[in-house]
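Letter by letter, the chains look like this.
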Amino acid sequence: MAKVMLRYDSKGAISFYVAKKDMEETIISSEFDTEEKWGGEVKLSNGETWFIDPCVKKFPIEVMAKRIDD
């Protein structure tokens, strides 16, 4: 599991940043996408899939995420 920072970028997309890897990608889709429940399996612009426990859609926020092997 990794500590991940989620925030809106300048274009309004959700940015996914892992400090330990110095990796910043854009989230292109998420399993749940409402204001009350956001997260689940998320797909990144680099093709990776990660899992984030569903939470309220309020950014910026720091969460724990786990990479899902494809």
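Residues numbered from 1 in each chain as written. Predicted model: local features only at pLDDT ≥ 70, side-chain atom pairs only at ≥ 80, totals over all residues. Heavy atoms only, no water.

Enquirer: I'm lost on the pairing of strand S4 (residues 38-44) in this one. Help?
Expert: Two faces belong to every sheet, and in a regular strand the side chains alternate between them. Most of S4 is tucked away: five of the seven residues are buried. Where strand S3 (residues 23-33) lies against S4, five bridges are found, and the strand directions are antiparallel. Within S4, the residue paired with Ser 30 across the bridge is Val 42. Here S4 runs beside strand S5 (residues 49-55); their pairing, made up of five bridges, is antiparallel. The residue of S5 that forms the bridge with Lys 43 is Thr 49. Counting the residues that bridge the hairpin from S4 to S5 gives four residues, and of these Gly 47 lies at a positive phi of roughly 95°. (Buried < 20%, exposed > 50% of the residue type's maximum accessible area, 1.4 Å probe, protein only. Helix = DSSP H or I, 4+ residues; strand = E, 2+ residues; numbered from the N terminus. Pairing = 2+ DSSP bridges.)

Enquirer: Sorry, what's going on with the environment of Ile 52 here?
Expert: Tracing the chain through its elements places Ile 52 in strand S5. Given a relative accessible area of 0%, Ile 52 falls into the buried group. Note: C-alpha distance between Ile 52 and Lys 37 (15 residues apart in sequence) is 11 Å. Those residues in contact with Ile 52 that lie beyond four places of it in its chain are Leu 6, Phe 16, Trp 38, Gly 39, Gly 40, Val 42, Val 63, Met 64 and Ala 65. (Contact = heavy atoms within 4.5 Å.)

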